[in-house]
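Examining the three-dimensional arrangement
Spelled out from the first residue to the last, the chains are:
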Amino acid sequence: AKREGRGRVRFFETEMDQELRDRRLLQHDLRQALEQNQLVVYFQPQARMDGEVIGFEALLRWNHPTRGFVQPDQFIPLAEENGLIIQIGEWVLREACREAASWPRPLQVAVNLSPVQFQAGDLERSIHQILLETGLAPTRLEVEITEGVLIGDFTRALNLLRRLKALGIRIAMDDFGTGYSSLSYLQSFPFDKIKIDRSFIANLEATPQSAEIVRAVLSLAHALNIPVLAEGVETEAQRAFLEREACEEVQGYLVGRPDLIERYLDLIGVAVER
Ligand code: C2E
Ligand code: CA
Ligand code: CA
Ligand code: CA
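Residues numbered from 1 in each chain as written. Chains lettered and ligands numbered in written order. Predicted model: local features only at pLDDT ≥ 70, side-chain atom pairs only at ≥ 80, totals over all residues. Heavy atoms only, no water.

1. Side note on the site of ligand 1
Around ligand 1, the structure places 23 residues, and the nearest of them are Gln44, Arg61, Arg198, Glu234 and Tyr253. In this structure, an oxygen atom belonging to ligand 1 sits 3.3 Å away from a side-chain N or O atom of Glu57. Within the side chain of Asp174, an N or O atom sits 3.1 Å from an oxygen atom of ligand 1. With the chains in place, 86% of the 800 Å² that ligand 1 exposes on its own is no longer accessible. At the level of elements, strand S4 (53–64), helix H2 (72–81) and strand S8 (170–176) are the ones that each hand at least two residues to the shell around ligand 1. (Near = heavy atom within 4 Å. Polar contact = N/O pair within 3.5 Å; in protein donor to acceptor, adjacent residues only side chain to side chain. Areas by Shrake-Rupley, 256 points an atom, 1.4 Å probe, with all protein chains shown as cover. Helix = DSSP H or I, 4+ residues; strand = E, 2+ residues; numbered from the N terminus.)

Below, the structure written as structure tokens:
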């Protein structure tokens, strides 16, 4: 409400108010999403340059009762804000590990972890418990973290990463190149994989700078003995460039879109009667 002249009040809703209200609504709905089975885990294949699938990344989807599918970029920040990401993240881990336990070895599953999961809750204990519960070998679980994980309580996050690694879990650095300090984090922790952000791959053909950046990331990673996965590979031209530059792995629409695992089971040789 805004005072307009003497004694008169004009009510209006700015675009920002509207957005805020919508966020609150979604945040409210999100509390019920877990109990009402509205969350779904999609899987997207990760492959070697020759096309051999080596695993899948678990990507969360929210099938909202009236809005339809809500993208993770829209609701994960909300879940991080109110702490719900702790429960949701645990649920994704459990679903992903349970699924992966039924895949032929050595197919692995990659799960995204939010910085909030590192700061609150007992991530190590819950991962350990989920692995026991599902029977998945720790070496078949990869967790993907962004530099946000290391921005908060650096020491706490680092210790947690070390303990996860000691369990045999693999640690991948996600969205490499988009943050401010990706490089400095490479010296603080021995990552098992670097994922080059898809923004660089998307611009490969259009901007010569992107090609140079991708080359530089690959040469740096290889000097450090860290294998590289390129995200968002959509075209054969992009794949061919990456292969020439000795990139190890690809993920993207060219290999396959995120989808229900059923869609991929025959590809990995699992009987599709479920
Ligand atoms: P991300 O981890 O960088 O995941 C890759 C995103 O790129 C996914 O978006 C995927 O669908 C999309 N993608 C894959 N291949 C291609 C391609 O060839 N072209 C294009 N244009 N896009 C491609 P999505 O599924 O919408 O997820 C967005 C982000 O939400 C993820 O980015 C991740 O940061 C977050 N997220 C998703 N699931 C989870 C989860 O379970 N936990 C947490 N903490 N974050 C999650
Ligand atoms: Ca990821
Ligand atoms: Ca990424
Ligand atoms: Ca991303």
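Having seen the structure, we can now continue with the description.
2. Considering the environment of Val270
One can find Val270 in the segment after helix H12 (262–265). Given a relative accessible area of 19%, Val270 falls into the buried group. As a C-alpha pair, Val270 and Pro72 span 198 residues in sequence and 28 Å in three-dimensional space. Once you skip the residues sitting within four places of it in the chain, Val270 turns out to touch Ser102, Trp103, Pro104 and Leu265. (Buried < 20%, exposed > 50% of the residue type's maximum accessible area, 1.4 Å probe, protein only. Contact = heavy atoms within 4.5 Å.)

3. Observations concerning the coordination of the calcium ion (ligand 3)
Taken together, Asp174 (OD), Asp175 (OD), Glu231 (OE) and Glu231 (OE) make up the full set of protein donors to the calcium ion (ligand 3), lying 1.9 to 2.7 Å away. In primary sequence terms, the donor set of the calcium ion (ligand 3) follows D-D-x55-E. (Donors = N, O, S within 2.8 Å, 3.2 Å for Na, K, Ca; no water.)

4. Quick word on the confidence of the model for the protein
Per-residue confidence for the protein gives a mean pLDDT of 92, with 94% of residues at or over 70. Across the interfaces of the predicted complex, the ipTM metric reaches 0.98, alongside a pTM of 0.93. (pLDDT = per-residue confidence, 0-100.)

5. Describing the coordination of the calcium ion (ligand 4)
Taken together, the protein donors to the calcium ion (ligand 4) comprise Asp175 (OD) and Asp175 (OD), at separations of 2.9 Å. Between the calcium ion (ligand 4) and the calcium ion (ligand 2) there is a metal-metal distance of 6.0 Å. Within the element layout of this structure, Asp175 appears in strand S8.

6. Some details on the environment of Glu133
Within the fold, Glu133 resides in helix H5 (residues 123–134). Taking the C-alpha atoms as reference, Glu133 lies 29 Å from Ile194; in sequence the two are 61 residues apart. Only 2.8 Å separates the side chain of Glu133 from the side chain of Arg94, close enough to count as a polar contact.

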